[in-house]
Amino acid sequence: MTRAETGRTVRDLMHPDARCVGENDSLRTAARMMRDLDVGALPVCGSDDRLKGIITDRDIVVKCCAEGGNLDETTASELAQGLIWIDAEGSVDEALAKMERHRIKRLPVIENHRIVGMISEADLAKGLPDDRLAEFVHQVYGRM
């Protein structure tokens, strides 16, 4: 499936209005935001409103709590993972390829150097044919 075949871009499937946790905010703040927003991941943004990475609920538990870290002293930027993102006008195929290659389940969506949304496996599940969704799941989960 390509953009030419579907006429859809990442913008068509993404969850708009992604909220960022600040790079200097504590992990407790991040965890509370995740709870309040009912999400499992947050983009981490700097004071310049630019994407610095992404943090997941699993990161907080495994990399801080399980290691005896302090949720109030550890900042979101300390656990933020790499800068993998996609342009809002990118094709759904491009998003799938990035997510499969990096074995990630969520991808920040950028427009004009600012985050405008997130695309997740749940968004893909609503917008992909069953065979393509099955291939995505195999690529991301099957090699763990």
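For the structure, see preceding data.
As the structure is a prediction and not an experimental result, all values here were calculated from the model. (Residues numbered from 1 in each chain as written. Predicted model: local features only at pLDDT ≥ 70, side-chain atom pairs only at ≥ 80, totals over all residues. Heavy atoms only, no water.)

Peer 1: Run through the sheet that holds strand S4 (residues 51–56), naming residues and quoting values.
Peer 2: Within the open sheet, the three strands sit side by side as S2-S3-S4. Their pairing is mixed. Every interior strand has two partners, whereas the edge strands, strand S2 (21–22) and S4, have only one. Taken together, the five bridges between strand S3 (residues 41–45) and S4 define a ladder with antiparallel strand orientation. Looking at S4, one finds that leucine 42 is bridged to isoleucine 55. Along the sheet face, helix H3 (residues 27–37) touches S2, S3 and S4 and points at about 130° away from the line of S3. (Pairing = 2+ DSSP bridges. Helix = DSSP H or I, 4+ residues; strand = E, 2+ residues; numbered from the N terminus. Contact = heavy atoms within 4.5 Å. Axes fitted to C-alpha atoms, helices over the stretch in contact; angles between N-to-C directions.)

Peer 1: Tell me about the pairing of strand S7 (residues 114–120), and please be specific about residues and values.
Peer 2: The buried count for S7 comes to six of seven residues, which makes it a mostly enclosed element. Taken together, the two bridges between strand S1 (residues 15–16) and S7 define a ladder with antiparallel strand orientation. Considered in S7, the bridge of proline 16 is made with glycine 117. With six bridges connecting them, strand S6 (residues 106–111) and S7 associate as antiparallel partners. In the strand pairing of S7, isoleucine 110 is matched with isoleucine 115. As consecutive antiparallel partners, S6 and S7 are separated by two residues, and within that stretch asparagine 112 has a phi angle of approximately 50°, a positive value. (Buried < 20%, exposed > 50% of the residue type's maximum accessible area, 1.4 Å probe, protein only.)

Peer 1: Help me get a handle on the pairing of S6, residues and values and all.
Peer 2: Bridging between strand S5 (residues 86–87) and S6 involves two bridges; their strand directions are parallel. Note that in S6 the partner of isoleucine 86 across the bridge is valine 109.

Peer 1: Before we move on, can you summarise the packing of helix H6 (residues 92–102) against helix H8 (residues 130–141) with the specific residues and values?
Peer 2: For the pair H6 and H8, interaxial distance at closest approach is 9 Å and the crossing angle is 25°. Considered as vectors, H6 and H8 are oriented roughly parallel to each other. Each of Asp93, Leu96, Met99 and Glu100 in H6 lies in contact with H8, whose residues at this interface are Arg132, Glu135, Phe136, Gln139 and Val140. In terms of residue class, the contact of H6 with H8 is built from four nonpolar, one polar and four charged. (Parallel < 35°, antiparallel > 145°, perpendicular 65-115°, else oblique. Nonpolar A, V, L, I, M, F, W, Y, C, P; charged D, E, K, R; others polar.)

Peer 1: Can you explain the packing of H3 against helix H4 (residues 57–65)? Please cite residues and give values.
Peer 2: Viewed as axis vectors pointing N to C, H3 and H4 meet at an angle of 145°, and their least axial separation amounts to 10 Å. Handedness of the H3/H4 crossing: left-handed. For the pair formed by H3 and H4, the contact residues are Leu27, Ala30, Ala31 and Met34 on the first element and Asp57, Ile60 and Cys64 on the second. (Left-handed = near helix turned anticlockwise from the far one by under 90°.)

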